[in-house]
Amino acid sequence: MSLTKKEIFFCLLNGFLIGIANLIPGVSGGTFALILGLYDRLLNAVTSLDLQFAKAFLQLFASKLSKEARLAFQKELLRIDFYFLVLIGVGLLISVVTGARLIQFLLQVYPTPTLALFVGLILPSLAVPYKLMERHTIPDWLWLIPGIGLTIVPSLFMGDSTGSENPFIAFITGMIAISAMILPGISGSYIMLVLGEYQIVISKLTNVFALDSILFLGGFALGCLVGLILFTHLVKWLFEHHKPKTMAFLIGLILGSFYILWPFKDFSQSQSITGRKGEIKRDIQIATAKNTMPENSEVAMQAGFALIGGIALGYSLGKLEELQETDSK
């Protein structure tokens, strides 16, 4: 089954948006997938990468690409929604490679309006898991508490870790981070901040063709692949058997992320780092910087405008789902 040009465009665009979200500490790519109406489809596609697919893949080469094996493999590609996955992956890869430098610049030079923009982007996403809860009982809503705690508590105890550039550590980081990215509301980038690896990953992405970057990012990508395949099965089971509680937990994760992304922070304790050209930059640590009140009315207004812009953009992104549904009818 071939995709239309419009479907291809939306898959690439949605992958790009999910990739950008995954670069932002406190913003979840899973949340954006929910907003864009792709979450269930992504979950089903990834969990379809099972032994049945592996068997068809091996038989394809064992039969020396026979016609029968090719037809069987083509059916498997349709079953796992292969072309959808590839296009989402391409869009995500483009955004990660091109957006890393921009995100790094914005957080270093304009941290307050940038964080306010991120908060605005996330706010409309609260409606998505709320609608998917299907029931709203007190026992279900109690799962807000561990969700909020899981997002906030680590930031209260983590230090200013400088992380490690070891490819094996990158593999472990990738496994853990991608597991978080799968959950709408919890940020894989935030988890990397907790582990002290976020700045290192961003730095490697801005110089992706260097040998040390290739080794590090290769280990990270492999970890992401392993974690993705393993963790999606757990998430799918939770959605099928405990959906209201899971959605309440996810809302808690989203609410907790607002504490991390509070726009007004004290970055005076941030470390100074030297760029490749000798320039001095601030090593912004979003998750560990102390939350404060705005310094003056001008700073508050800048954050306010950025917040409104983020809300408008987040609301607009939510409308993409309706456009895609219209196209599929």
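Residues numbered from 1 in each chain as written. Predicted model: local features only at pLDDT ≥ 70, side-chain atom pairs only at ≥ 80, totals over all residues. Heavy atoms only, no water.

Caption draft 1: Representation of the overall build of the chain within the structure. In terms of helices and strands, the chain carries 17 helices and 4 strands. The 329 residues of the chain split such that 45% are buried. For the chain, long-range pairs separated by at least 24 residues make up 80% of all intrachain contacts whose partners lie at least 6 apart in sequence. For the chain, the accessible area works out to roughly 17000 Å², and carbon and sulfur atoms hold 69% of it. (Helix = DSSP H or I, 4+ residues; strand = E, 2+ residues; numbered from the N terminus. Buried < 20%, exposed > 50% of the residue type's maximum accessible area, 1.4 Å probe, protein only. Contact = heavy atoms within 4.5 Å. Areas by Shrake-Rupley, 256 points an atom, 1.4 Å probe, with all protein chains shown as cover.)

Caption draft 2: The packing of aromatic side chains, seen in detail. Throughout the structure, instances matching the rule amount to 9 aromatic pairs. For the ring pair Phe 57 and Phe 73, a centre distance of 6.0 Å and an interplane angle of 50° mean the geometry is tilted. Taken together, the positions of Phe 57 in helix α4 (residues 51-62) and Phe 73 in helix α5 (residues 67-79) put the pair 16 residues apart, joining distant regions of the chain. When the centroid spacing of 5.5 Å and the interplanar angle of 75° are considered together, the rings of Trp 262 and Phe 264 count as edge-to-face. Classification of Trp 262 as partly exposed rests on a relative accessible area of 31%. (Phe/Tyr/Trp six-rings, centres within 6.5 Å; stacked < 30°, edge-to-face > 60°.)

Caption draft 3: Geometry of the packing of helix α13 (residues 198-205) against helix α14 (residues 211-241). Between α13 and α14, whose axes approach to 9 Å, the crossing angle comes to 125°. Relative to α14, the element α13 lies oblique. The way α13 lies across α14 gives a crossing that is left-handed. Only Asp 212, Ser 213, Phe 216, Leu 217 and Phe 220 of α14 make contact with α13, whose side of the interface consists of Ile 200, Val 201, Lys 204 and Leu 205. (Axes fitted to C-alpha atoms, helices over the stretch in contact; angles between N-to-C directions. Parallel < 35°, antiparallel > 145°, perpendicular 65-115°, else oblique. Left-handed = near helix turned anticlockwise from the far one by under 90°.)

Caption draft 4: Geometry of the environment of His 241. Inspection of the secondary structure puts His 241 in helix α14. Assessed through its relative accessible area of 47%, His 241 is described here as partly exposed. Only 3.0 Å separates the side chain of His 241 from the backbone oxygen of Trp 237, close enough to count as a polar contact. (Polar contact = N/O pair within 3.5 Å; in protein donor to acceptor, adjacent residues only side chain to side chain.)

Caption draft 5: Spotlight on unusual backbone geometry. One non-glycine residue with positive phi stands out, namely Asp 81, at about 60°. Tracing the chain through its elements places Asp 81 in the loop between α5 and α6 (82-109).

Caption draft 6: Focus on α14. Here α14 is 31 residues long and its end C-alpha atoms lie 45 Å apart, about the 45 Å a rise of 1.5 Å per residue gives. Where α14 bends most, the angle comes to about 25°, and this point is Phe 231. Looking only at α14, the buried set comprises Ser 213, Phe 216, Leu 217, Gly 219, Phe 220, Gly 223, Cys 224, Gly 227, Thr 232, Val 235 and Phe 239. (Expected span 1.5 Å × (residues − 1). Bend = angle between axes of the 7 residues up to and from the residue.)

Caption draft 7: Just the nonpolar core, in detail. Of all hydrophobic cores here, the largest spans 61 residues; its most connected members are Tyr 39, Leu 42 and Phe 118. Judged by nonpolar contacts, the second largest core, of 7 residues, contains Phe 53, Leu 60, Ala 69 and Phe 73. (Core = buried A, V, L, I, M, F, W, Y, C linked by side-chain atoms within 4.5 Å.)

Caption draft 8: Molecular detail of the side chain of Ser 213. Topologically, Ser 213 is positioned in helix α14. Here Ser 213 falls in the buried class, since its relative accessible area comes to 2%. Aside from chain neighbours lying at most four places away, what touches Ser 213 is Lys 204, Asn 207, Val 208 and Gly 218.

Caption draft 9: Expanded view of the environment of Gly 252. Checked against the element boundaries, Gly 252 lands in helix α15 (residues 243-260). Considered as a pair, Gly 252 and Leu 126 are 126 residues apart in the sequence and their alpha carbons are 9.6 Å apart. Excluding its chain neighbours within four sequence positions, the residues that come into contact with Gly 252 are Leu 144, Gly 147, Ile 148 and Thr 151.

Caption draft 10: The side chain of Thr 114, seen in detail. With respect to the helices and strands, the residue Thr 114 is situated in helix α7 (residues 111-122). Apart from residues no more than four positions distant in its own chain, Thr 114 is found in contact with Leu 106 and Leu 107.

Caption draft 11: Highlighting a nonpolar patch on the surface. A contiguous nonpolar patch, built from Leu 78, Phe 82, Tyr 83, Val 86, Val 90 and Ile 94 and spanning about 480 Å² of accessible area, is present on the exposed surface. At 5 residues, α6 tops the list of elements feeding residues into the nonpolar patch. With respect to the secondary-structure elements, Leu 78 resides in helix α5. (Patch = residues over 30% accessible without salt bridge, like charges linked within 9 Å, V, L, I, M, F, W, Y side chains within 5 Å. Salt bridge = Lys/Arg side-chain N within 4 Å of Asp/Glu carboxyl O.)

Caption draft 12: Quick look at α15. Over its 18 residues, α15 extends 26 Å from the first C-alpha to the last, a length consistent with the 26 Å expected when each residue adds 1.5 Å. Of all 18 residues in α15, 15 are buried; the element is thus mostly enclosed.

Caption draft 13: The arrangement of the packing of helix α1 (residues 5-23) against α6 in detail. In contact at an axis separation of 6 Å, α1 and α6 are set at 40° when each is read in the N-to-C sense. Classified by the angle between their axes, α1 and α6 sit oblique to one another. When the axes of α1 and α6 are compared, the crossing they make is right-handed. A breakdown of the residues in the contact of α1 with α6 according to their chemical character gives 16 nonpolar, 8 polar and no charged. (Nonpolar A, V, L, I, M, F, W, Y, C, P; charged D, E, K, R; others polar.)

Caption draft 14: Inspection of the pattern of salt bridges at higher detail. Applying the stated criterion across every chain, the model contains 7 salt bridges. As a salt-bridge pair, Asp 140 and Arg 135 come within 2.7 Å of each other at their nearest N and O atoms. Taking the relative accessible area as the measure of exposure, Asp 140 reaches 0% and is therefore buried. Counted as one network, the salt bridges with shared partners bring together Asp 50, Glu 76 and Arg 79.

Such coordinate-based values are descriptive only and should not be taken to indicate function.
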